[in-house]
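Listed here are the chains, written in short residue letters.
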Amino acid sequence: MSDRPAPWLAIARYEAAGRARGSAVLTGLLSAFLLLFLAFYPSLATSGIDLDAYVEAFPPAFQEAFGIISISTIEGFLAVEFYQFAWLLLVGLYLAYLGGGTIAGDVASGRMDLTLSAAVPRRDVVVGQFIGLWSLIFLLNLILPIVAYAGVLAVGETIAIERLVAVHALAVPYHLCCVALGIAVSTIFSREGIAQRVALGALFALFMLESVAAASEYDWIGWVSPTAHYDPSAVLVLAEYDFTGAGVLLAAAIGLILLAAIRFGRMDLTG
Amino acid sequence: MPAIDCQSLTKYYGDVCGIEDVSFAVEDGEVFGFLGPNGAGKTTAIRTLLGFLSPTSGGATLLGHDVTDPTQLRRARERIGYLPGDPGLDTDRTAKAFLDHQAALRGSAQRDELVARFGLDESRRIGDLSRGNRQKVALVAAFMHEPELLLLDEPTSGLDPLLQEEFAALVRERVENGTTVLLSSHVLGEVAALCDRVGVIREGRLVAVESVEALRSRGGKQVRVRVAENVSREAFEVRGTMNLRVGETVSFTWTGEYDALIDLLDGFTVHDLEIVDAPLEKAFMTFYDGDVQTMGETRGAVTDGGSVTDGDERLRGRR
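It should be emphasised that the depicted structure is a prediction, and the values quoted were computed from it without experimental measurement. As a convention, each chain's residues are numbered from 1 in the sequence order in which they are written. Chains carry letters from A onward and ligands carry numbers from 1 onward, assigned in written order. Restriction of local features to residues with pLDDT of at least 70 applies here, the model being predicted, together with a cutoff of 80 or more for giving and counting side-chain atom pairs; totals for whole chains, interfaces and linings are based on all residues.

Novice: I keep staring at the overall build of chain B and nothing clicks. Help me out?
Specialist: When you go through chain B residue by residue, the secondary structure sums to 13 helices and 14 strands. The buried share of chain B, taken over its 319 residues, is 44%. Throughout, a pair of residues is in contact if the C-beta atoms placed from their backbones lie within 7 Å. Across chain B, contacts joining residues at least 24 apart in sequence account for 69% of those joining residues at least 6 apart. Under the scheme used here, helices are H or I runs from DSSP no shorter than 4 residues and strands are E runs no shorter than 2 residues, and both carry numbers assigned from the N terminus. With C-beta atoms placed from the backbone, a residue is labelled by how many other C-beta atoms lie within 10 Å of its own: buried for 20 or more, exposed for 12 or fewer, partly exposed between the two.

Written out as structure tokens, the structure reads:
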């Protein structure tokens, strides 16, 4: 038995392999999406419209939600049009959705029975499922900065590589936290579809809460949202790197996985 | 120490009873069958034993390990093979990828041999396999690490008769090598062919545990006799006959002693006589004809064969 990998590692490998194709497709689609937006930039930059004046007229909550600091520079444009929307919101929500499907999906389909009929500790299932989603997060955050850099050069602009690297490096803790939130939700609801929707809805609700609270005197409430600790606009436009936020997100991810492991360790497998 | 020792195991889903007060023991090397209709609690019992469900009350040991202690149960599961009734397989993965994964989790000393034996094409996507072939994948996963204890929930559902035979042969080989088996089924023939003893589950309760032999004898003998004389129905309506049909031949189920049957036939000139075991279904159905009270009485004698006589008495008494 000694030549067998640890159960968490076996589960992580199997899950990652099962997601390989989907991960590649998602990376391709998001790359295309990014390049599409970048293709708009030259006409926008030369149009002579004062976009910053335009976006300043937006309500504060809206500016907060879309992380609008500046939109007229390539950094600001990328931040608003792609990172704030696709990276923070879309990818975040999708990862929470995937996380929501992990435990609940396996329990409901009976796959968990087969896994746990081997000598697998339940915490290894939670950890394995979590790590199984890492490859998607790493793939996205490795490929997209390269695509973004090439795209920026292609439209005749330049961008500081350091900022581009930072916006993706700091996205990793945020994305890990989104997955962890989904997995935690996945141990609470017994039906896959419900767990997925609740995980997605919870992250979206936290995002909305943060956006609205930031424009009010109760801005501290927004601190509970993972989206408050990753600000692509600040990274790209102002070169402000929130390492504390990254730490908070990592700690939250670990905490959520621990909670999920405790909860899953006790629950009945009823789909 | 029995391979499975189940003590008053009870599982409620909220207010709904899954199983209640289920007690039985399966000795090392024994093949024990759970018999009961769908929804009777067979799967709940097996899943509670495996720790997928925590018992509401009562407990059990598998291979000497307490199933309510996760660490102990994990040690037991190292040596257990489990085949679920409706195996949850990843339909978008190949059989090979799935079995590789299962092998990483539990070992695979006999994988190649089993794959060859069941003629499984590992390269195909599980979603493209027929129901029977999917069942083969789950079978290989359950048997490939040479488990000491097999928990098989409706193992032959979806297998064609030829494969059912192959499966039965595999189980018999393993039993010869000392493996203990708990098998659930609603197919009586399967249980009769493989098991030493049968536990009948009804509405979450283990209503009787019998040896297959006892179950057979409880079913009585199917008698067909052709005699020279014209017979009246009354002549055969004696203690011991059931389901009497009088025509050119006389047929009935005989639940009494052989001597009494011979005495009965002594009054006739017998031209042809056939005595065979009554189909097991008949014996089985006695557990399902609503006589809960009597079933409860036989529960006391669960682990020894003494209840057989009681059962026979009951059959006679009811007529």
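Novice: Explanation requested: the overall build of chain A in the structure shown.
Specialist: If you tally the helices and strands in chain A, you get 12 helices and 0 strands. If you list the helices and strands of chain A from N to C, you get α-α-α-α-α-α-α-α-α-α-α-α. Over its C-alpha trace chain A gives a radius of gyration of 20 Å, about what one expects of a compact globule, namely 18 Å for 271 residues. Along the three orthogonal principal directions, the C-alpha set of chain A runs to about 65 × 40 × 30 Å. Looking at the 271 residues of chain A, the share that counts as buried comes to 46%. Counting contacts in chain A only where the partners sit at least 6 residues apart, residues at least 24 apart contribute 76% of the total. Atoms considered for the radius of gyration are the C-alpha atoms alone. The globule rule reads 2.2 Å times the number of residues to the power 0.38.

Novice: Just checking my understanding: could you explain the domain arrangement of chain B for this structure?
Specialist: As annotated, the domain borders come from an automatic or database domain assignment. Assigned domains of chain B: these are domain 1 (4-215) and domain 2 (220-277). Placing a centre on the C-alpha atoms of domain 1 of chain B and another on those of domain 2 of chain B gives a separation of 42 Å.

Novice: Would you mind going over the packing of helix α1 (residues 7-45) of chain A against helix α6 (residues 122-132) of chain A with me for this structure?
Specialist: Packed helices, taken two at a time, are described by the angle between their axes plus the distance between the axes. All names here are of chain A. Between N-to-C directions, angles span 0 to 180 degrees; the directions come from axes that are lines fitted to C-alpha atoms, helices contributing only their stretch in contact. Interaxial distance between α1 and α6 falls to 7 Å at its minimum, and their mutual angle equals 35°. Like other packed secondary-structure pairs, α1 and α6 cross with a definite hand, here right-handed. Across from Pro7, Trp8, Ile11, Ala12, Glu15, Ala16 and Arg19 in α1, the residues of α6 making contact are Asp124, Val125, Val127, Gly128, Gln129, Ile131 and Gly132. Think of it as three bins: nonpolar holds Ala, Val, Leu, Ile, Met, Phe, Trp, Tyr, Cys and Pro, charged holds Asp, Glu, Lys and Arg, and polar takes everything else, Gly as well. Considered class by class, the residues forming the contact of α1 with α6 number 8 nonpolar, 3 polar and 3 charged. Crossings are assigned a handedness: left-handed for a near helix turned anticlockwise from the far helix by less than a right angle, right-handed for a clockwise turn.

Novice: Before we go on, may I ask you to explain the sheet that holds strand β11 (residues 221-227) of chain B in this structure?
Specialist: Residue and element names in this part refer to chain B. By the convention used here, strands pair only if DSSP detects at least 2 bridges between them. Ordered in space as β12-β13-β11-β14, the 4 strands form an open sheet in which the pairing is antiparallel. Here the strands that pair on one side only, and so sit at the sheet edges, are β12 (241-246) and β14 (270-277). On average, each strand axis in the sheet is inclined to that of its neighbour by 15°, with strand direction left out of account.

Novice: Looking at this structure, how should I read the interface of chain B and chain A?
Specialist: Quite often, the size of an interface is put as the accessible area lost when its parts meet. Contact residues are listed per partner, giving 23 residues for chain B and 23 residues for chain A. Elements that contribute at least two residues to the side of chain B that touches chain A include exactly α2 (70-77), β6 (80-83) and α3 (95-106) of chain B. Among the elements that line the side of chain B that touches chain A, the one with the most residues is α3 of chain B, at 5 residues. Residue composition of the side of chain B that touches chain A, grouped by class: 12 nonpolar, 4 polar and 7 charged.

Novice: Help me understand the nonpolar core in this model?
Specialist: As a rule of thumb, soluble globular proteins bury nonpolar side chains together. Of all hydrophobic cores here, the largest spans 152 residues; its most connected members are Val126, Ala180, Leu181 and Ile257 of chain A together with Val137, Val140 and Leu151 of chain B. The element contributing the most residues to this core is helix α4 (residues 74-109) of chain A, with 18 residues. Not counting chain neighbours up to four residues away, the residues in contact with Val126 of chain A comprise Ile103, Ile183, Ile257, Ala260, Ala261 and Phe264 of chain A. Formed by 8 residues, the second largest nonpolar core is a distinct cluster that contains Val225, Val250, Phe252 and Leu261 of chain B. Take the buried Ala, Val, Leu, Ile, Met, Phe, Trp, Tyr and Cys residues, join any whose C-beta atoms are within 7 Å, and the set you get is a nonpolar core.

Novice: How should unusual backbone geometry be read in this particular structure?
Specialist: A negative phi angle is the norm for most residues apart from glycine, just as the trans form is the norm for most peptide bonds. If you check the backbone angles, Ala239 of chain A has positive phi at about 55° while not being a glycine. Secondary-structure assignment places Ala239 of chain A in the loop between α11 (232-238) and α12 (243-266). Phi at Glu203 of chain B is positive, roughly 50°, even though this residue is not glycine. In this structure, Glu203 of chain B sits in the loop between β9 (197-202) and β10 (205-211).

Novice: Teacher, can you tell me more about the packing of α1 of chain A against helix α7 (residues 134-154) of chain A here?
Specialist: All names here are of chain A. Following both chains from N to C, one finds α1 and α7 inclined at 25°, their axes separated by 9 Å at the closest point. Viewed along their axes, α1 and α7 adopt a mutual orientation that is roughly parallel. Crossing of α1 over α7 shows right-handed handedness. In this structure, α1 uses Ala16, Arg19, Ser23, Thr27, Leu30, Ser31, Leu34, Leu35 and Leu38 to contact α7, whose residues at the interface are Ser135, Leu136, Leu139, Leu140, Ile143, Leu144, Val147, Ala148, Gly151 and Val152. Partitioning the contact of α1 with α7 into residue classes produces 13 nonpolar, 5 polar and 1 charged. Should an angle fall under 35 degrees it is called roughly parallel, over 145 degrees roughly antiparallel, and 65 to 115 degrees roughly perpendicular, with every other angle called oblique.

Novice: I tried to follow the confidence of the model for chain B on my own but got confused; where do I start?
Specialist: It should be kept in mind that the predicted coordinates are not to be read in detail where pLDDT is low. All names here are of chain B. Here chain B averages 85 in pLDDT, while 87% of its residues score no lower than 70. In predicted models, pLDDT denotes the confidence assigned by the predictor to each residue on a 0 to 100 scale. In the model, residues 290-319 has pLDDT below 50 throughout and makes 31 contacts with residues more than four positions away in sequence or in other chains. The ipTM for the predicted assembly is 0.89, set against a pTM of 0.84.

Novice: Is there a simple way to explain the pairing of strand β8 (residues 180-185) of chain B in this structure?
Specialist: The side chains of a regular strand alternate, residue by residue, between the two faces of the sheet. Residue and element names in this part refer to chain B. Most of β8 is tucked away: 6 of the 6 residues are buried. The alternating pattern of β8 places Thr180, Leu182 and Ser184 and Val181, Leu183 and Ser185 on opposite faces, both of which are buried. Strand direction decides the pairing type here: strand β7 (residues 149-153) and β8, joined by 5 bridges, are parallel. Across the sheet, residue Leu149 finds its bridge partner in β8, namely Thr180.

Novice: Which parts of the structure should I look at to understand α2 of chain B?
Specialist: An α-helix turns once per 3.6 residues; consequently, residues spaced three or four apart project the same way. Residues and elements named next belong to chain B. By the burial criterion, the buried members of α2 are Leu73, Ala76 and Arg77. Across the axial projection of α2, the buried residues extend over an arc of 100°, all falling on one side. For α2, the elements touching its buried residues are β4 (57-62), β5 (65-66) and β6. When we speak of the arc, we mean the arc of directions from the helix axis to the C-beta atoms.

Novice: Looking at this structure, I do not really get helix α10 (residues 192-214) of chain A. What am I missing?
Specialist: With 23 residues, α10 of chain A should reach 33 Å at 1.5 Å per residue; the first-to-last C-alpha distance of 33 Å fits that figure. Turning to α10 of chain A, the residues buried within the fold contact α3 (60-65), α4 and α9 (171-186) of chain A. Take the residue count of a helix, subtract one, and multiply by 1.5 Å to get its expected span.

Novice: Could you clarify how one ought to interpret the environment of Phe37 of chain A in this entry?
Specialist: Residues and elements named next belong to chain A. Summarising the element assignment, Phe37 is placed in helix α1. Residue Phe37 is classed as partly exposed on the basis of its C-beta count, with 18 C-beta atoms lying within 10 Å. Linking Phe37 and Thr244, residues 207 residues apart in sequence, is a C-alpha distance of 31 Å. What Phe37 contacts, discounting residues up to four positions off in sequence, is Glu81 and Phe82.

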